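Listed below, chain by chain, are the residues.
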Amino acid sequence: MEPPEVRLENSDTVYDFYLEHRQNRLKAWGAYAILGRRYHPRVAYAAGALAGLRAAIRQRRPLLISINHLSENDPYTVAAAAWRSALRPVIGRVRVLAKDELFEEPEQRRKIDMMGGIPVFRGKDHGIRAVNAAGQRMMDICAQRIARGDGVAVFPEGTCNEVDPAQVQPVGSGIGHIAFRAMKLGVEPVLVSMGLSYGPRADPAVQPTKEEAKSASFYFGVPITELPSKPAEIARLVRADLQRALDGAVAAY
């Protein structure tokens, strides 16, 4: 199937495509390896987190990966951290939610598809009512991918944090609905929180440069293997667990 144009008006066809799209794992591994060498982030783990993450991967449990969002550089530094962490074995089997505008330019889209991207039509860009049906379909597609054994990585704040890089901003219910719908399909995703810090900044609205991004600090929380039964409860858990991981990333910077 040819990749459809990523437009809100075309969202049904877009998500039909991304339900079946498969990454080229060898190319994904190569790209992640290059980013790992280029950015070389520091990676640390909470007590028991490394063993828990390895166990979940060994048991082939699907991962729901939550990362706080600080800058446009985050997708690159997160990919680098995945290569340099216990996540390396699942590279090529994790889908990454990304705003739809990143799929507009053909060469950039090719790279995002290779890295596992799934487009998200955001209310802040198109209007809440306009994106409702597409958002519901996106969550269903993510749940189905999880049910097939894929991981899904989400920036649950939904946009870059320009308020306080040491505090997780409000988390939308989307990640809770994805997990809830996956559980309705009979699978139990494992929540993995990755705290990300680029260090203290005088103005949180100023994006770190690419050179500053190379000093990224990541901290993995202990994987949570049993999630609440309601989307709102899952979202609250995600925010609290991600804040603990962010505290670890800030302390380790």
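Calculation rules
- The residue numbers shown here count from 1 along each chain, following its written sequence.
- The predicted nature of this model means local features are confined to residues of pLDDT at least 70 and side-chain atom pairs, given and counted, to a pLDDT of 80 or more, with totals for whole chains, interfaces and linings taken over all residues.
- Side-chain figures throughout are based on the complete set of non-hydrogen atoms in the structure, without hydrogens or water.
- Here the aromatic set is Phe, Tyr and Trp, taking the six-membered ring for Trp, and pairing holds for ring centres within 6.5 Å; pairs whose planes are under 30 degrees apart are stacked, those over 60 apart are edge-to-face, and all others are tilted.
- The cut-offs for exposure are 20% and 50% of the maximum accessible area for each residue type, with area from a 1.4 Å probe on protein chains only; residues under the lower value are buried, those over the upper are exposed, and the others partly exposed.
- Numbering of helices and strands runs from the N terminus; a helix is a DSSP stretch of H or I covering at least four residues, while a strand is a stretch of E covering at least two.
- Think of it this way: DSSP has to see at least two bridges between two strands before they count as a pair.
- A clockwise path from the first strand over the helix to the second, with the strands pointing away from the viewer, defines a right-handed crossover.
- Any two residues having at least one pair of non-hydrogen atoms within 4.5 Å are treated as being in contact.

An unreviewed UniProt entry lists the protein chain under the name Acyltransferase-like protein, with Nocardia tenerifensis given as the organism.

1. Considerations on the packing of aromatic side chains
Here the structure, examined in full by the defined rule, presents 6 aromatic pairs. Measuring from centroid to centroid gives 4.8 Å for Phe 17 and Tyr 18, while their planes differ by 90°, and the two rings are edge-to-face. Note on Tyr 18: relative accessible area 0%, which makes it buried. With a centroid separation of 5.4 Å and 85° between ring planes, the pair formed by Trp 29 and Trp 83 is classed as edge-to-face. Pair noted here: Trp 29 is in helix α2 (residues 25-39) and Trp 83 is in helix α4 (residues 74-83), with a separation of 54 residues, a long-range link. Using a relative accessible area of 16% as the deciding quantity, one classes Trp 83 as buried.

2. Focus: the pairing of strand β3 (residues 94-99)
Of all the 6 residues making up β3, 5 are buried; the element is thus mostly covered by neighbouring parts of the structure. Direction of pairing for β3 relative to strand β5 (residues 151-154): parallel, over a ladder of 3 bridges. Bridging across to β5, Val 94 finds its partner in Gly 151. Across 4 bridges, the pairing between β3 and strand β4 (residues 117-120) is parallel. Pairing of Lys 99 across the sheet is with Val 120, part of β4. Crossover handedness for the path β3 to helix α5 (residues 106-115) to β4: right-handed.

3. Description of helix α3 (residues 49-58)
The set of residues buried in α3 consists of Ala 49, Leu 53, Ala 55, Ala 56 and Ile 57. Those residues of α3 hidden inside the fold are in contact with β1 (42-45), β2 (63-67), β6 (190-197) and β7 (217-220). Positive backbone phi, at 60°, marks Arg 60, one or two positions downstream of α3.

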